[in-house]
Amino acid sequence: MKIPALLALIILVAFAPLAGCKKSEIVITRLDQAKNARIGVMTGSTGEAITRARFPQAQVKSFDDIMDAVAAMNSGQLDTIVTAYPAALQVSKKNPELGLLAEPLAYEDTAIALKKGNDELLSTLNRIISELKSDGTLESMKKRWFKLDLSPYEEINITLPIEGKPLKIGVSATREPFSFVDKNGRVTGHDGELARIIGVKLQRPVEFYNMKFMALIPALQSGKVDLIVTGMTATEERRKFVDFTQPYYANAQVMLVRETPTAKTQPLLATGSKLTTVTNLKNKRIAVLVGSAHDIYATKNYPDATILQYKSPADVALAVKSGKVDAALYDAEPLREIMRQDDSFGLLGDPLFTFPIGVGFNKDIETLRDQFNQFLSEIKQSGIYHDMIHRWMEQGETHMPIIENIKPDGVLIAGISDAGLPFTAVKDNQLVGFDIELLERFAAYLGKELKLANMDFGSLIAAVSTGKVDMIASAIYVTEERKKQINFSEPYYEIGTRVFALKKNILNVSQAGFDQVKQKKITSVTDLQDKRIGVLLGSVHDTYAMEHYPNATILQYKNLSDLLLAVKSGKVDAAIYNRESLVEILSKDSELGPVGALLSYPIGIGFNKDNDALRAKFNEFLQRIKSDGLYNDMVYRWVEKGDIHMPEIVNPKLNGTLVVGIVSDKGLPFTVLKENKLIGFDIELAKRFAAYLRKEVKFADMDFGSLIAAVSSGKVDMIASTLYITEERKKQIDFSDPYYEIATEVFALKRNISDYDIESTPVIEPPTFLTGIISSFYSNIIQEDRYLLIWDGLKTTVIISIFSTILGTLLGASVCFMRMSHRTILNLPAKVYINLIRGMPVLILLMLIFYVVFASVSINPVLVAIIAFGMNFAAYVSEIFRSGIEGVNRGQIEAGIAMGFTKFKTFVFIVLPQTVQRILPVYKGEFISLVKMTSIVGYIAVQDLTKASDIIRSRTFDAFFPLIMVSILYFLIAWLLMQSLGYLERVTDPRYKRRKAVKA
């Protein structure tokens, strides 16, 4: 093929999506408008079954991947997509032209699937899930992974066992945020983390098998995987084939629709006018917590409004934030915390009503209720109750006090729901709040161990009525209707209900009773007295903040990343950190600014108190590099100049190992991880000291709070991590001579600092075509080194293609020999093989071999793909070979034998050369078909080119660019192979040989 033709084809492929279907599009703002629409669904999903049943007149099209459906929708082939809520939310965040309808099609439970009959494992998994629910882990995971914005995920570090039988986890890792592949090629996400937690609890290493969603259950049934953890819905149909654990996530099938200039997906207000009073709600969309008093009140008092029920407070807030509803009803006290963290919300009017709240009990267990009433009376008299009110309700406390409990008399199970602070919330994977402390104190009063069952609010009354829990406490209004079902304690608080909405939709925002919500801008460090301050756990900043800001709420974080995220997300008002490291951070983040300096401290290297010899050697080394000018050069390069390159340090490494404890994300100029290598002042200092000792240096990366314990216990030889030299720390470890003095700075968001005037946000112009291409290239290829995914997929595709061709050619030749035999014992099996394989779709053949033939064998899926494609190729080329051989004139064969050739030599020297020359054009086409067929190997957990594009699309949510890129790569592979076979075709052509001889 000529180069111009090649370029023309590439351009045609690149611009093909732009010529999408231009049929009249249906604008959908309600579910009932989709009855005649073109709807995209995920193959084999519950959404597919629900859609076909609910919209029988619609044109339903199935897709293997959500991004395939998005591409079809963007090109005008679909009007809407039905998929699970997390996937739809992720797509809408990265594709602003798409949005979600507020009303879900159906609610569903997400669970772990396992092979039928494994009751012991099922019981163990149910126990693990129950534990993760009760200790708040699942709720914390939900908040970290199912984010409303595009801020980075907060993944925790889980150390898996390295010994034992691997736990094989089946996933379809294109379902962010449930499961997806990160920049390092790891399967991660909510379900990736859940699978690793299960692996730790079972004490088994974890292996992930990434495949198409439709292939997961066959893989589980055949034993290729032990569990499916990938956002799978537990349906009755699936239960016929596999077992499911109890649900670990409450999911929903939702509709993803196109937003247009004339009809937004969810208009902020149905009437277009701003809200002035609560009477304006009569024809609006109102969000409430399902089963709450707000639900009953709204239904009764706003009969013409659309009442939308949600399972959690976070869902209610999200509905308001995203414009799915016009306003929402919620409790006044938790609203304070919500509005502290998000100033886009405002209050509408005065409180609607107030109710006393109490603890709920089963009607048959009056003794427990009487004990609680007695306990409540005692803590009110002792002052404990009023102290709790002051801390949680007035000061906005977020720390649980230590409550002593001897726990000798059994277990007290309390049902709770994450209503939000000040009552109940999950913080650092622990439940905190007024209600939690009340329950902890009551359990200690009874001498029982407290177990918390975290559930949806609507399930609480049913749980205590049926005896699943002993009591419920979650800011529950004491109403006459509820008194018919359960008993209540004496009221322990009175709470009001407020209406809130987006400020931009309220004419006059009310702040009645919410003065503390409005945050005063920070002018200096003295303004931190009543603020929320973020610090690094175990740092000097932690101690300093506790001593100097007793009325502030001090929030501790394990690493710098968490600290920065807390400031940027509004979880804290300000934070304290090293000034030198902040210079680098603030230069790269325009949202953050300095408030002022606090203190300065000398920093040194920490040593075990029993290792005076090593400390003495370090002091000697430090004195030497100061005297020869090396130390000053290091300070100039790292601190003053801002260098980011580590020098080469010669080290013979003859005297063993030096283990150094560090924190890899302390930040430049001291320590940071760049391109998978540790760099910084502290790193160079440690490496030079190791070279001075002629020892090999090994760095132990850990949380800052673990450093002193590590050196004290001998886990590391020394600590090099900008460690402040304090009298308190000197009691635990020894320090070297100081090697630097470091200052401490307070920083915050610029919009919260009075010195910065941020009144308006510049309008961002839409990107040009060329800018969009460059941006897509960067995000899909360069960012997170995604080109490595393409490279790995390319290698896999080439390996499968070449080895399948070799195997298929050899096997095809054998089948051809059998097919041409006059013996029935050879001829018949060959005919059956050819007809069977050619009549079977290659995908079915691939899955049968992987999941049935090799079901009990641990075999590399790439090898299975080679075998399957080789078998398929053999069935076709055997007939190609036969037609080529039979095309050689019979007289030539007879002439060869007459000349004294054996049958074998006649075939090799007369028949074969002519056959090869005749069949090459057809063989070449079959070969190219095989290359393209390899795109289906993702069904058996092989990451080829197509799978790589799926993974990239699942991370970037770019519907077209990865597909165009991969299609070009497939074309180039096919073109190169065609050129190679074309050359072979030429050299086997006698006419080519004659022309070449004439030229010579």
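Residue indices follow the written sequence of each chain, beginning from 1 at its first position. Where totals are concerned, whole chains, interfaces and linings use all residues; where local detail is concerned, this predicted model gives features only for residues with pLDDT of at least 70, and gives and counts side-chain atom pairs only at 80 or more. The basis for every side-chain value is the complete set of heavy atoms in the structure, and neither hydrogens nor water enter the calculation.

Engineer: Describe in detail helix 30 (residues 861–886), supporting the description with residues and values.
Structural biologist: A run of H or I in DSSP counts as a helix once it spans at least four residues, and a run of E counts as a strand once it spans at least two, with each numbered from the N terminus. To estimate how far a helix should extend, the number of its residues minus one is multiplied by 1.5 Å. With 26 residues, helix 30 should cover 38 Å at 1.5 Å per step; its first-to-last C-alpha distance of 37 Å lies within 8% of that length. A875 marks the point of greatest bend in helix 30, at about 25°. Burial analysis of helix 30 places 19 of its 26 residues in the buried class, the great majority of the element. The term bend refers to the angle at a residue between two fitted axes, each drawn through seven residues, those ending there and those starting there. A simple rule labels every residue: compare its accessible area, found with a 1.4 Å probe on the protein chains alone, to the largest value its type can have, and call it buried under 20%, exposed over 50%, or partly exposed in between.

Engineer: Break down the pairing of strand 3 (residues 80–84) for me, citing the residues and quoting the values.
Structural biologist: Remember that side chains alternate between the two faces of the sheet whenever the strand is regular. Of all five residues in strand 3, five are buried, a share of seventy percent or more. Strand direction decides the pairing type here: strand 1 (residues 38–42) and strand 3, joined by two bridges, are parallel. Bridging from a neighbouring strand, I39 pairs with T80 of strand 3. Any two strands are treated as partners once DSSP identifies two or more bridges connecting them. With five bridges connecting them, strand 3 and strand 14 (residues 249–258) associate as antiparallel partners. Within strand 14, the residue paired with T80 across the bridge is V257.

Engineer: Got a sec to walk through a nonpolar patch on the surface? Specific residues and values, please.
Structural biologist: A patch consists of residues exposed above 30% relative accessible area that lack any salt bridge, with like charges linked at up to 9 Å and nonpolar side chains (Val, Leu, Ile, Met, Phe, Trp, Tyr) linked at up to 5 Å. Here the accessible surface of atoms and residues is derived via Shrake-Rupley with a 1.4 Å probe, and residues count as covered only by protein chains that are part of the display. What makes a salt bridge here is a side-chain nitrogen of Lys or Arg within 4 Å of a carboxyl oxygen of Asp or Glu, nothing more. A contiguous nonpolar patch, built from V798, I799, I802, F803, I806 and L810 and spanning about 520 Å² of accessible area, is present on the exposed surface. In this structure, I806 sits in helix 27 (residues 787–819).

Engineer: Explain empty space enclosed by the protein to me, using residue names and the numbers behind them.
Structural biologist: One water molecule sets the probe size; rolling that probe over the atoms shows where empty space is left. Residues are said to line a cavity or pocket when one of their atoms sits within 4 Å of a point; the points come from a 1 Å grid over protein atoms alone, cavities being sets where a 1.4 Å probe fits but cannot get out and pockets being open sets with protein on both sides within 12 Å along at least five of seven lines. Grid points are joined across faces, edges and corners, and a volume is the space filled by probe spheres set on the points. In total, this model carries six cavities of 30 Å³ or more according to the counting rule given. Approximately 250 Å³ is the volume found for the largest cavity. Around the largest cavity, the lining is made up of 25 residues, and of these M42, T83, A84, A87 and R175 lie nearest the centre. For the lining of the largest cavity, the elements supplying multiple residues, two or more each, are strand 3, helix 4 (85–94), strand 8 (174–175) and strand 14. Among the elements that line the lining of the largest cavity, the one with the most residues is strand 3, at three residues. For this scheme, ten residues count as nonpolar: Ala, Val, Leu, Ile, Met, Phe, Trp, Tyr, Cys and Pro. Four count as charged, namely Asp, Glu, Lys and Arg, and the remainder, Gly too, count as polar. A breakdown of the residues in the lining of the largest cavity according to their chemical character gives ten nonpolar, nine polar and six charged.

Engineer: Describe the sheet that holds strand 9 (residues 179–181), naming the residues involved and giving the relevant values.
Structural biologist: Strand order in the open sheet formed by three strands is 8-9-10, with antiparallel pairing between adjacent strands. Strands with a single pairing partner mark the edges of an open sheet, and in this sheet they are strand 8 and strand 10 (187–188). In the sheet, strand 8 pairs with strand 9 via two bridges, with the strands oriented antiparallel. Residue pairing for strand 9: R175 is matched across the bridge by S179.

Engineer: Describe the UniProt feature "transmembrane region" (unreviewed entry) in the protein, and please don't skip the residues or the numbers.
Structural biologist: UniProt records the feature "transmembrane region" (unreviewed entry) at residues 798–820, 832–853, 859–877 and 959–978, using the numbering of this structure. Its end C-alpha atoms 32 Å apart, residues 798–820 is made of 96% helix and 0% strand. Each end of residues 859–877 is marked by a C-alpha atom, and these two atoms are 27 Å apart; helix forms 89% of the span and strand 0%. UniProt positions are given in the numbering used here, feature names are shortened, and annotations may be inferred rather than shown by experiment.

Engineer: Could you give me a rundown of the packing of aromatic side chains, with the residues and numbers involved?
Structural biologist: Stacked, edge-to-face and tilted are the three classes for Phe, Tyr and Trp ring pairs, Trp counted by its six-membered ring, which pair at centre distances within 6.5 Å; planes under 30 degrees apart are stacked, over 60 edge-to-face, the rest tilted. Under the defined criterion, the tally for this structure stands at 31 aromatic pairs. A centroid spacing of 4.9 Å and a plane angle of 35° characterise the contact between W145 and Y153, whose relative ring orientation is tilted. Exposure remark for Y153: the relative accessible area of 22% places this residue in the partly exposed category. An angle of 70° between the planes, with centres 6.2 Å apart, marks the rings of W145 and F180 as edge-to-face. With W145 in helix 6 (residues 137–145) and F180 in strand 9, the pair connects residues that are 35 residues apart, well separated along the chain. Residue F180 is classed as buried on the basis of its relative accessible area, which comes to 2%. Following the ring pairs from residue to residue traces out a cluster consisting of F361, F372, F375, F442 and Y445. Directly above the aromatic system of Y385 lies the positively charged group of K380, at a separation of 5.2 Å from the ring centroid. It is K626 that lies over the ring of Y631; its NZ or CZ is 5.2 Å from the centre. Our definition puts a charge over a ring when NZ of Lys or CZ of Arg is within 6 Å of the ring centre and also within 35 degrees of the ring normal.

Engineer: Give a description of the layout of surface pockets that names residues and reports values.
Structural biologist: Of the volumes computed, that of the second largest pocket is approximately 1,000 Å³. The biggest single contributor to the lining of the second largest pocket is helix 32 (residues 903–933), with nine residues. Residue classes in the lining of the second largest pocket are distributed as 16 nonpolar, seven polar and six charged.

Engineer: Describe the pattern of salt bridges, listing the residues and the values that go with them.
Structural biologist: This structure, assessed with the given rule, holds 26 salt bridges. For D226, the salt bridge identified is with R204, shortest N-O distance 3.6 Å. Separated by 22 residues along the polypeptide, D226 in the loop between helix 8 (216–221) and strand 12 (227–228) and R204 in the loop between helix 7 (190–202) and strand 11 (206–210) bring together distant segments of the chain. Each member of the pair D226 and R204 is classed as buried. As a salt-bridge pair, K483 and E480 come within 3.6 Å of each other at their nearest N and O atoms. Linking K483 with E480, this pair stays in helix 17 (residues 480–483), spanning three residues, or about one helical turn.

Engineer: An account of the environment of A106 is needed here, citing residue identities and associated values.
Structural biologist: Its location among the elements puts A106 in strand 5 (residues 106–110). Not counting the four nearest positions on each side in its chain, A106 is found in contact with I50, A252 and Q253. Here, two residues are considered to be in contact whenever any of their heavy atoms come within 4.5 Å of each other.

Engineer: Requested: an account of the sheet that holds strand 6 (residues 113–115), with residues and values cited.
Structural biologist: Here we have five strands laid out as an open sheet, ordered 11-7-12-6-13, and mixed in their pairing. At either end of the open sheet lies a strand with only one pairing partner, and these are strand 11 and strand 13 (242–244). The pairing of strand 7 (residues 167–171) with strand 12 spans two bridges and is classified as parallel. Residue I169 lies in a different strand from strand 12, and its bridge partner there is L227. With respect to the sheet, helix 5 (residues 119–134) is in contact with strand 6, strand 12 and strand 13, its orientation differing from that of strand 6 by roughly 160°. Whenever a helix is involved, its axis is fitted only over the stretch in contact; in every case the axis is a line through C-alpha atoms, and angles between N-to-C directions fall within 0 to 180 degrees. Set on the sheet, helix 7 makes contact with strand 7 and strand 11; between it and strand 11 the angle comes to about 150°.

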